[in-house]
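Survey of secondary and tertiary structure
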Amino acid sequence: MMSDTIDVLTTCLCGRSNFTTTIPHSSLPMPGHFCHCTSCRRIHGALSAFHAPWSAPPSSAIEKLAKYKSSERVTQYFCPTCGAHMLDSSPLEGSLEHNWTIATPLVQGAENIFEYKEHIYIEDTKDGGTSDFVRSYNGTPLLRWAGRDGESEQLPPYWDTTKDLRARPEAHDPSGKVKCLCHCGGIEFYLHRPNIKVSPEADFGLPDKWFDVATNRYIVEACGCDSCRLDSGADIMPWIFVPPSRFSLPDGSPLPEDRMFGTMKHYRSSENVSRNFCGWCGATVFYMNDERTEWDLAVGLIDAESGARAEEWLEWNTVVVSYAKLAYNKKMLEAWQHGYKAWEERKHHKGIVSDYE
Ligand SMILES: [Zn+2]
Ligand SMILES: [Zn+2]
Ligand SMILES: [Zn+2]
């Protein structure tokens, strides 16, 4: 006879943090959502959190996780070795119980366990963030809450309050810099314009696909690989590829070569790869492959005036999701790729995808 329940494993990148949850078949699929609040962005380093309500994990698992209070009510739990954000909790009003939320991409079999229903806190992004890349999931359009679900207004697709700002000439000043920071502020530094003039190869030995020379912006490539997923807690993780000379500390000095400053911790995720995260709040910060010279920066840390997509600094490569073939949740990949396409078409030929304008 088929069991009424299934046991699902949740695990981080290094595997040291993990626990099993028993779920009744009758509760599947469970509703997932994307949280675009500024806290989730700075805590994950991704543009949103991928979340779902969850039952209380075993206390033996919780004890091993690093804890960070991201607000008066909310506590975040991440793996102290690899930095993967696994859970958050907040006290349930009038009870000793807690509300638990899980980072859905860390749950094994997530594709068949969760059905994503909504975006929340889109207003925090100022430009819509990645809510425009995941317009619908498994064929169903997602709800788009400005703030809390059920308590705020719905924002239309392609809601964006900062279009004009990106067109201003100072938004492309070659001497400009933008602050990057994690949630706790233990990691803070500046990103400078790429300023690649003629041949990127001549400058840094880097492929020019990582810079838009004409607009002096970095090109964002989102990654669908397993190790980015388990490190960041995001199914699709956006990165930019930056020569170390384009970073500075708040006092103007260069970042240390080993990338260890402030509250930074480091995890060697494979023979050639180091991943840096904030040891205090767990934010994903850098990916570094020893065979390359540039450092990959988690886009969610960029504090751009225009909002989460930071379009005065970044050009989104909407053609490619790297390691798409390896993407763990194919429904999520498909949703993202579909949203990319629609967003790009709309940008270049206004009117093709015109839900609200
Ligand atoms: Zn871990
Ligand atoms: Zn949030
Ligand atoms: Zn931090």
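Not measured: the values here are computed from a predicted model. (Residues numbered from 1 in each chain as written. Chains lettered and ligands numbered in written order. Predicted model: local features only at pLDDT ≥ 70, side-chain atom pairs only at ≥ 80, totals over all residues. Heavy atoms only, no water.)

Focus: the overall build of the chain
Which entries qualify depends on this criterion: Secondary structure elements follow DSSP: runs of H or I of four or more residues count as helices, runs of E of two or more count as strands, with numbering from the N terminus. Atoms counted for the radius of gyration: C-alpha only. Globule rule: 2.2 Å times the number of residues to the power 0.38. For every residue, the accessible area (1.4 Å probe, protein chains only) is compared with the maximum for its type, and the residue is labelled buried under 20%, exposed over 50%, or partly exposed between those bounds. Contact criterion: two residues are considered in contact whenever any of their non-hydrogen atoms come within 4.5 Å of each other. In these tables, accessible area is a Shrake-Rupley quantity obtained with a 1.4 Å probe, and a residue counts as shielded only by the protein chains included in the view. Only four residue types enter the tally: Lys and Arg on the positive side, Asp and Glu on the negative side; His and the chain ends are excluded. We put the charge of a Lys on NZ, of an Arg on CZ, of an Asp on CG and of a Glu on CD.
In terms of regular secondary structure, the chain is built from seven helices and 23 strands. For 357 residues, the compact-globule formula gives about 21 Å, and the C-alpha radius of gyration of the chain, at 20 Å, lands near that figure. Its C-alpha atoms give the chain principal-axis dimensions of about 65 × 50 × 40 Å. Considering the chain as a whole, with its 357 residues, one finds that 56% of them fall into the buried category. Put simply, 60% of the contacts in the chain that link residues at least 6 apart link residues at least 24 apart. Element-wise, carbon and sulfur atoms account for 52% of the exposed surface of the chain, whose accessible area totals about 15600 Å². Across the chain, 36 positive and 48 negative side-chain charges occur, with their mean positions spaced 1 Å apart.

Topic: the coordination of the zinc ion (ligand 3)
Here is the rule: Note: metal donors comprise N, O and S atoms at 2.8 Å or less from the metal (3.2 Å for Na, K and Ca); water molecules are not included, so apparent gaps in a site are possible. Square planar and octahedral assignments, for four and six donors respectively, both demand that opposite donors be over 155 degrees apart and that all other angles lie between 65 and 115; tetrahedral needs four donors with all angles between 85 and 135 degrees, and anything else is irregular.
Every protein donor of the zinc ion (ligand 3) is listed here as Cys-182 (SG), Cys-184 (SG), Cys-278 (SG) and Cys-281 (SG), and their distances to the metal cover 2.3 Å. Of note is the zinc ion (ligand 3), whose four donor atoms meet at the metal with angles of 99 to 118 degrees in an arrangement that counts as tetrahedral. Read in sequence order, the donor residues coordinating the zinc ion (ligand 3) give the pattern C-x1-C-x93-C-x2-C. Taking relative accessible area as the criterion, Cys-182 reaches 1% and is therefore assigned buried. Residue classification places Cys-184 among the partly exposed positions, given a relative accessible area of 26%.

Observations regarding the coordination of the zinc ion (ligand 2)
Metal coordination angles have textbook ideals: 109.5 degrees for a tetrahedral set of four donors and 90 or 180 degrees for an octahedral set of six. The protein atoms that coordinate the zinc ion (ligand 2) are Cys-35 (SG), Cys-37 (SG) and Cys-40 (SG), at distances spanning 2.1 to 2.3 Å. In the primary sequence, the donor residues of the zinc ion (ligand 2) line up as C-x1-C-x2-C. Judged on exposure class, the residue Cys-37 and its partner Cys-40 are both buried.

Details of unusual backbone geometry
Between Leu-28 and the following residue, Pro-29, the backbone shows a cis peptide bond with an omega angle of -10 degrees. Here Pro-29 lies in the loop between β2 (18-24) and β3 (30-35). A positive phi angle, near 60 degrees, is found at Arg-259, a position not held by glycine. With respect to the helices, strands and loops of the structure, Arg-259 is situated in the loop between β18 (247-248) and β19 (264-270). Relative accessible area serves as the criterion here: at 7%, Arg-259 is assigned to the buried category. In this structure, Ala-310 takes a positive phi of about 50 degrees despite not being glycine. Among the structural elements, Ala-310 can be located in the loop between β22 (295-298) and β23 (314-322).

With respect to the sheet that holds strand β14 (residues 188-192)
Put simply, the rule reads: Only strands that DSSP links by at least two bridges are regarded as paired with each other.
Taking strand neighbours across the sheet as the criterion, the three strands line up as β13-β14-β18 in an open arrangement whose pairing is antiparallel. In the strand order of this sheet, the two ends are held by β13 (177-181) and β18, each with one partner. Of the strand pairs in this sheet, β13 and β14 are connected by five bridges, and their pairing is antiparallel. Residue pairing in the sheet places Val-178 in a bridge with Leu-191 of β14.

What about the UniProt feature "domain: CENP-V/GFA" (unreviewed entry) in the chain?
Defined as follows: UniProt positions are given in the numbering used here, feature names are shortened, and annotations may be inferred rather than shown by experiment.
As recorded in UniProt, the sites labelled "domain: CENP-V/GFA" (unreviewed entry) are residues 8-117 and 174-317. A helix fraction of 15% and a strand fraction of 44% characterise residues 8-117, whose end C-alpha atoms lie 21 Å from each other.

Some points on the domain arrangement of the chain
How we decide: Residue ranges for the domains originate in an automatic or database domain assignment. Computed with a 1.4 Å rolling probe, the buried area is the accessible surface lost when two parts are put together, summed over both parts. The rule for a salt bridge is simple: a side-chain nitrogen of Lys or Arg has to be within 4 Å of a carboxyl oxygen of Asp or Glu.
Domain annotation of the chain identifies domain 1 (5-120) and domain 2 (169-331). The gap between the C-alpha centroids of domain 1 and domain 2 is 25 Å. Contact with domain 1, which involves 35 residues of that partner, is made by 41 residues of domain 2. Taken together, the two surfaces of domain 1 and domain 2 that pack against each other cover about 2900 Å², and 55% of this comes from carbon and sulfur. Per-residue buried area on domain 1 facing domain 2 is highest for Leu-13, Arg-42 and Glu-111; these three make up 26% of the total on that side. Seen at the junction of domain 1 and domain 2, the total is one salt bridge.

With respect to helix α7 (residues 330-348)
Inclusion rule: Between the first and last residue of a helix there are one fewer steps than residues, each counted as 1.5 Å, and that sum is the expected span. Residues adjacent in sequence count toward polar contacts only when both atoms are side-chain atoms; beyond that, a polar contact is any pair of N or O atoms within 3.5 Å, and within protein one must be able to donate a hydrogen and the other to accept it.
An ideal rise of 1.5 Å per residue puts 27 Å on 19 residues; α7 measures up with 27 Å between its terminal C-alpha atoms. Taken together, the buried positions of α7 are Met-332, Leu-333, Ala-335, Trp-336, Gly-339, Tyr-340, Ala-342, Trp-343, Glu-344 and Arg-346. Where α7 is buried, its residues touch β3, β4 (49-54), β9 (114-120), β10 (136-137), β16 (217-223) and β23. Capping the start of α7 is the job of one residue whose side-chain oxygen sits 3.0 Å from the backbone nitrogen of Lys-331: Asn-329.

Describing the sheet that holds strand β7 (residues 85-91)
Backbone-to-backbone hydrogen bonds pair the strands of a sheet. The strands run either parallel or antiparallel. A sheet is described by the order of its strands in space; here eight strands give the open sequence β5-β6-β7-β8-β4-β3-β9-β12, paired in mixed fashion. A strand with exactly one partner marks an edge of an open sheet, and here the two such strands are β5 (66-69) and β12 (143-144). Sheet topology places β7 next to strand β8 (residues 98-103); five bridges connect them, and they run antiparallel. Paired with Ser-90 across the two strands is Asn-99, which belongs to β8.

Notes on the environment of Ser-39
Along the chain, the position of Ser-39 falls in helix α1 (residues 38-44). Of the residues examined, Ser-39 reaches a relative accessible area of 26% and is grouped as partly exposed. Distance from Ser-39 to Tyr-68, taken between C-alpha atoms, is 12 Å for residues 29 residues apart in sequence.

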